[in-house]
Amino acid sequence: MVDVIIIGAGVSGSACARELSRYNVNVCVLEKGEDVCYATSKANSGIAHAGYDAKVGSLMAKLNVEGNKMMPELSKELDIPFIQNGSFVVCNNQEDLDTLKTLYDKGVANGVDVEIITDRNRIVEMEPNIADNVVAVLYAPATGVVCPFTLNIAMAENAAMNGVDFKFNTEVVGFEKTDNGWKVLTNNGEFETKYIVNAAGVYADVLHNMVSENKIHITARRGDYCLLDKGTGKHVNRTIFALPSKFGKGILVTPTAHGNLLLGPTAVDIEDKEATATTSEGLNELIAKAGLNVKDIPLRKVITSFAGLRAHEDNHEFIIKEVEDAKGFIDCAGIESPGLTSSPAIGKMVAGILKEKLGLEPNPNFNGKREGIIASNELDFNSRQELIKNKPAYGNIVCRCEMISEGEILDAIHRPLGAKSLDGVKRRTRAGMGRCQSGFCSPRTIDLINKECKIAMDEITKSGGKSQIIVGTNKDSL
Ligand SMILES: Cc1cc2nc3c(=O)[nH]c(=O)nc-3n(C[C@H](O)[C@H](O)[C@H](O)COP(=O)(O)OP(=O)(O)OC[C@H]3O[C@@H](n4cnc5c(N)ncnc54)[C@H](O)[C@@H]3O)c2cc1C
């Protein structure tokens, strides 16, 4: 019997886990994937939105602005790559100026620092590659870019360091009400708990609807992206947004926290909650639309494409509250964009609800600080030499594109909630994120996982489930 079971180890579930670990409370996270950061939290724009776009007075607006304000401090505390680079929403013709003004008014009402710039010289000085027909922009200095993987992993790791238990490959399939709370049924046994937090992303409606007569509905809204090679991030200084439409914030062009350039996302509603394959129409659309706002995008440097699924709730609002007809079941549902930005505030809100319900006392041993994995290629020459002298594995480069050493991969494997798959290593260290997309380093990484985790070669996966990479030896087929 635990006090709280959190379903889902994306940014929402991990933020809730970390905030709850500030208290003396027994928390367990159940995740159907083989790792944290398994679903939408790994495939998004990585923008810490300023908060001018969310509906005035909504919970979404409140948590967006709060989360954005928490991000600089949190990134220092948990060693998360984060750059507050600011953003432009661009207006390409005079007729759209009213829409830009409406966005400005929303920003002001949400308490966000925003400015409309109509001086073309100033716009071009700030963004030399802005499209020639841009007549005005909405400037929001508080916008930032954050590494979405590290944000998710760091919050989960820190929660684990402070006593939260994580169970992977554990899919929740049903619930039974008990006298003291709930029995949670999974493919990996049954768990008893006083409270449940439903942070299951695009599946939060499915779980909610198992316990409540007041149904909710979440549509998976797919967004395709193109990612360009490292170094291209300098093409723009800020995140460049199109004017928002009813489908969201439109196609953006942004540097990432690691210096790549990212184009996307599209917005297409789909039935299948697992359909994360990109489409040629989507990629063509985003390339065409990105070019409307930023010129001379170096498209020859595209190194990969990917898609993520927004958990679009019918009322386009975060649902964070105890379900009225299912006491002890707390929804954290409809967490679409700006969910990444809002996640620290979402965690705080959910922990606040549970603190009151369970009468929680502070955990005197809570340590909110997390040391990240050393990025040895960012060290100066002397510090790197010193590191290699003490730990020779840091002198052994495994991923040549991103210059990631064996030392970093060993750290990723052995730290709390360590990596067990190729993608697990990739998201923690960036080995495999570069221009060859792991063509060169994957055999070396597989070898390290095999030796360090004692997982057989043919059981090592790209990202859990049936994604094995080695299916037999050459001679098997002879
Ligand atoms: C295209 C796109 C662009 C975006 N851009 C931004 C942005 O720039 N800035 C921003 O702030 N936000 C952005 N977002 C939104 C942000 O990515 C999400 O709001 C956030 O990642 C949601 O996190 P989550 O933890 O709620 O969901 P998820 O990350 O989806 O996590 C849910 C977890 O629950 C697990 N799960 C599901 N069902 C079960 C079950 N039955 N049992 C056990 N586990 C289960 C899943 O495996 C998953 O790991 C974007 C989203 C998309 C799709």
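Residues numbered from 1 in each chain as written. Predicted model: local features only at pLDDT ≥ 70, side-chain atom pairs only at ≥ 80, totals over all residues.

The chain is annotated in an unreviewed UniProt entry as FAD/NAD(P)-binding oxidoreductase of Candidatus Epulonipiscium fishelsonii.

Draft legend 1. Expanded view of the overall build of the chain. Helices and strands together make up the secondary structure of the chain, namely twelve helices and 22 strands. Computed over the C-alpha atoms, the radius of gyration of the chain is 22 Å, within 12% of the 23 Å expected from 2.2 N^0.38 for a compact globule of 478 residues. With respect to the three principal axes, the spread of C-alpha positions in the chain is 60 × 60 × 50 Å. Within the chain, buried positions represent 51% of all 478 residues. Relative to all contacts within the chain whose residues are 6 or more apart in sequence, the contacts with residues 24 or more apart total 71%. (Helix = DSSP H or I, 4+ residues; strand = E, 2+ residues; numbered from the N terminus. Rg over C-alpha atoms; globule rule 2.2 N^0.38 Å. Buried ≥ 20, exposed ≤ 12 C-beta atoms within 10 Å, placed from the backbone. Contact = placed C-beta atoms within 7 Å.)

Draft legend 2. Up close: the domain arrangement of the chain. Its domain assignment divides the chain into domain 1 (82–143 + 219–313) and domain 2 (376–477). On a C-alpha basis, the centroid separation for the pair domain 1 and domain 2 is 32 Å. Listed as interface residues are five residues of domain 1 and, on the opposing side, four residues of domain 2. The residue inventory of the side of domain 1 that touches domain 2, partitioned by class, reads one nonpolar, two polar and two charged. (Domains from an automatic or database assignment. Nonpolar A, V, L, I, M, F, W, Y, C, P; charged D, E, K, R; others polar.)

Draft legend 3. Structural view of the sheet that holds strand 8 (residues 144–146). Here three strands make up an open sheet; going across it, the order is 3-8-4 and the pairing antiparallel. The open sheet has two edge strands, strand 3 (47–48) and strand 4 (82–83), and neither has a second partner. Where strand 3 lies against strand 8, two bridges are found, and the strand directions are antiparallel. Pairing of A48 across the sheet is with G144, part of strand 8. (Pairing = 2+ DSSP bridges.)

Draft legend 4. Geometry of the site of the ligand. For the ligand, the set of nearby residues contains 38 residues, the closest of which are G8, G10, G201, G223 and G339. Secondary structure elements with two or more residues in the shell around the ligand: helix 1 (11–20), strand 18 (302–313) and helix 8 (339–358). Along the lines of polarity and charge, the residues of the shell around the ligand split into 16 nonpolar, 17 polar and five charged. (Near = placed C-beta within 6 Å.)

Draft legend 5. Here's a closer look at the packing of helix 1 against helix 8. Contact geometry for helix 1 and helix 8: axes closest at 7 Å, N-to-C directions at 45°. Classified by the interaxial angle, the pair formed by helix 1 and helix 8 is oblique. The element helix 1 and its partner helix 8 pack so that their crossing is right-handed. Within the contact between the two elements, helix 1 uses V11, S12, A15, C16, R18, E19 and L20 and helix 8 uses G339, L340, S343, P344, I346, G347, K348, V350, A351 and L354. Of the residues in the contact of helix 1 with helix 8, the class split is ten nonpolar, four polar and three charged. (Axes fitted to C-alpha atoms, helices over the stretch in contact; angles between N-to-C directions. Parallel < 35°, antiparallel > 145°, perpendicular 65-115°, else oblique. Left-handed = near helix turned anticlockwise from the far one by under 90°.)

Draft legend 6. Local environment of the packing of helix 10 (residues 406–414) against helix 11 (residues 422–429). The geometry of helix 10 relative to helix 11 is characterised by a closest axis approach of 9 Å and an angle of 110° between their N-to-C directions. Classified by the angle their axes make, helix 10 and helix 11 are roughly perpendicular. The two elements helix 10 and helix 11 meet at a crossing, and its hand is right-handed. Contacts from E408, I409 and A412 in helix 10 reach V425, R428 and T429 in helix 11. In terms of residue class, the contact of helix 10 with helix 11 is made up of three nonpolar, one polar and two charged.

Draft legend 7. Fine view of the pairing of strand 12 (residues 189–198). Where strand 1 (residues 2–7) lies against strand 12, five bridges are found, and the strand directions are parallel. Paired with I6 across the two strands is V197, which belongs to strand 12. The turn joining strand 11 (residues 182–186) and strand 12, which pair antiparallel and follow one another in sequence, is formed by two residues. Inspection of the sheet shows strand 12 paired to strand 20 (residues 329–333) by three bridges, in the parallel sense. Looking across to strand 20, one finds that N198 is bridged to D331.

Draft legend 8. Looking closely at the pairing of strand 11. Two strands pair when backbone bridges link them, and strand 10 (residues 172–177) and strand 11 are joined in this way by five bridges, in the antiparallel orientation. Within strand 11, the residue paired with K177 across the bridge is W182. Strand direction decides the pairing type here: strand 11 and strand 12, joined by five bridges, are antiparallel. Note that in strand 12 the partner of W182 across the bridge is T193.

Draft legend 9. Broad picture of the environment of S280. Among the secondary structure elements, S280 is positioned in helix 7 (residues 280–293). Residue S280 is classed as exposed on the basis of its 9 C-beta neighbours within 10 Å. Taking the C-alpha atoms as reference points, S280 and S405, 125 residues apart in sequence, are found 35 Å from one another.

Draft legend 10. Spatial organisation of helix 11. Helix 11 sits mainly inside the fold: eight of its eight residues count as buried. If you follow the buried residues of helix 11, they end up packed against helix 5 (148–161), strand 22 (404–405), helix 10 and helix 12 (442–453). R430 lies just past helix 11 and shows a positive phi near 80°.

Draft legend 11. Summary view of unusual backbone geometry. Omega for the peptide link from G264 to P265 comes to -10°, which places this bond in the cis form. The topology assignment puts P265 in the loop between strand 16 (261–264) and strand 17 (268–270). Backbone torsion omega between S337 and P338 reads 15°, so that peptide bond is classified as cis. Not every positive phi belongs to a glycine, and C37 is a case in point at roughly 55°.

Draft legend 12. Up close: helix 12. Along its twelve residues, helix 12 runs 16 Å from first to last C-alpha, staying within 8% of the 16 Å computed at 1.5 Å per residue. For helix 12, the set of buried residues is S442, T445, I446, L448 and I449. Taken down its axis, helix 12 places every buried residue within 160° of arc, on the same side. Residues of helix 12 that are exposed and point more than 90 degrees away from the buried face comprise P443 and K451. Looking at the buried side of helix 12, the elements it contacts are strand 21 (397–399), helix 10 and helix 11. One or two positions beyond helix 12, positive phi appears at K454, with a value near 55°. (Expected span 1.5 Å × (residues − 1). Arc of directions from axis to C-beta.)

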